[in-house]
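# Summary of the model geometry
Here are the chains, one letter per residue:
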Amino acid sequence: MESRPTSKGFAAQAGTVPRLISMRLRGGETASGTAYLLPIQSLGPFLSSRKGGLLSLAEPKGFDASKTASHVIIRTSTVLFAWADDLNLPVDHRPAGAARRRIHVAFDDGSSVDGVITFPVGIRVSDFLARAEEFIPLREVKLAGASREFVDLAVNFNAVTTIRDLGPVSSMMATAPAAPLLSTVIKRRRSSITLHAPADL
């Protein structure tokens, strides 16, 4: 496929557009850079589809403060989660009529975030996650250091250790007693997670 140089000499495929992406790396560092995506692409599937798990970024910032470079290539396995600073880049294409639940996600480095997961009506969250891509969408996350109050994250599912269900979004303010919890281990290609969820989830 034809490629074209960017202003920094980094080759980008023809027909792609620059998108500024920020990310939290294992170890707690925050970094950013410009990736080149097709106009129809969304962030989660883009990260999940990187050949060899390699992500190229132009104009990188924060990866190594002692060095400067026009672009870097990183392994997506080093990314805990990423978000788009460009509002024209969705984290994924939300399914029509999606159900919404708030969840707490814990990572293997000890950090965690709360957000909203959307999934097709009629299936359990555990079944949805078992079939998920490498990077799953987590919406409405309040993230310190982000350019806006709430962001949608593409979460590296292989870095997740535990997901705790916090209830349907529509009933977050309700005072109903919590549903009994169960633990289900979901086996994945290279990892497993424990899902703490109501028995019907």
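See the structure shown above.
Because the structure is a prediction, the values reported are computed rather than measured.

Rules behind the numbers
- Residues numbered from 1 in each chain as written.
- Predicted model: local features only at pLDDT ≥ 70, side-chain atom pairs only at ≥ 80, totals over all residues.
- Heavy atoms only, no water.
- Helix = DSSP H or I, 4+ residues; strand = E, 2+ residues; numbered from the N terminus.
- Buried < 20%, exposed > 50% of the residue type's maximum accessible area, 1.4 Å probe, protein only.
- Contact = heavy atoms within 4.5 Å.
- Areas by Shrake-Rupley, 256 points an atom, 1.4 Å probe, with all protein chains shown as cover.
- Polar contact = N/O pair within 3.5 Å; in protein donor to acceptor, adjacent residues only side chain to side chain.
- Salt bridge = Lys/Arg side-chain N within 4 Å of Asp/Glu carboxyl O.
- Phe/Tyr/Trp six-rings, centres within 6.5 Å; stacked < 30°, edge-to-face > 60°.

## Digging into the overall build of the chain
The helix and strand tally for the chain stands at two helices and 14 strands. Burial analysis of the chain (201 residues in total) assigns 42% to the buried set. Long-range pairs, those at least 24 residues apart, make up 55% of the contacts in the chain between residues at least 6 apart in sequence. Counting only carbon and sulfur atoms, one obtains 54% of the accessible surface of the chain, whose full area is about 10,600 Å².

## Here we look at the environment of Arg 19
Secondary-structure assignment places Arg 19 in strand 3 (residues 17-25). Judged by its relative accessible area of 12%, Arg 19 falls in the buried class. Sequence-distant contacts of Arg 19, defined by excluding residues within four places in its chain, comprise Gly 33, Thr 34, Ala 35, Leu 37, Pro 39, Asp 86, Asn 88 and Leu 89. Of note is the side chain of Arg 19, whose polar atom sits 2.9 Å from the side chain of Asp 86.

## A look at the pattern of salt bridges
Pairs may arise between side chains of opposite charge once their charged atoms sit close together. Summed over all chains, the structure comprises eight salt bridges. A salt bridge links Arg 19 to Asp 86; the nearest nitrogen and oxygen atoms lie 2.9 Å apart. Of the two residues, Arg 19 sits in strand 3 while Asp 86 sits in the loop between strand 7 (79-84) and strand 8 (99-107), which places them 67 residues apart along the sequence. With respect to burial, Arg 19 and Asp 86 carry one shared label: buried. For Asp 92, the salt bridge goes to Arg 139, with nearest N and O atoms at 2.3 Å. Highlighted residues: Asp 92 in the loop between strand 7 and strand 8 and Arg 139 in strand 10 (residues 135-142), separated in sequence by 47 residues. Both residues of the pair, Asp 92 and Arg 139, belong to the buried class.

## So, unusual backbone geometry
A positive phi is found at Glu 59, a non-glycine position, where the angle reads about 50°. Within the secondary structure, Glu 59 is located in strand 5 (residues 54-61). Since its relative accessible area comes to 38%, Glu 59 is described here as partly exposed. The phi dihedral of Glu 140 is positive, around 55°, even though this residue is not glycine.

## Structural notes on the packing of aromatic side chains
Evaluated as defined, the whole model comprises three aromatic pairs. Taken together, a centroid distance of 6.1 Å and an interplanar angle of 35° make the contact between Phe 81 and Trp 83 tilted. For Trp 83, a relative accessible area of 2% gives the class buried. Aromatic pair Phe 81 and Phe 107: ring centres 5.7 Å apart, planes at 40°, arrangement tilted. Of the two residues, Phe 81 sits in strand 7 while Phe 107 sits in strand 8, which places them 26 residues apart along the sequence. Feature note: the residues Phe 81, Trp 83 and Phe 107 constitute an aromatic cluster, connected by ring pairs.

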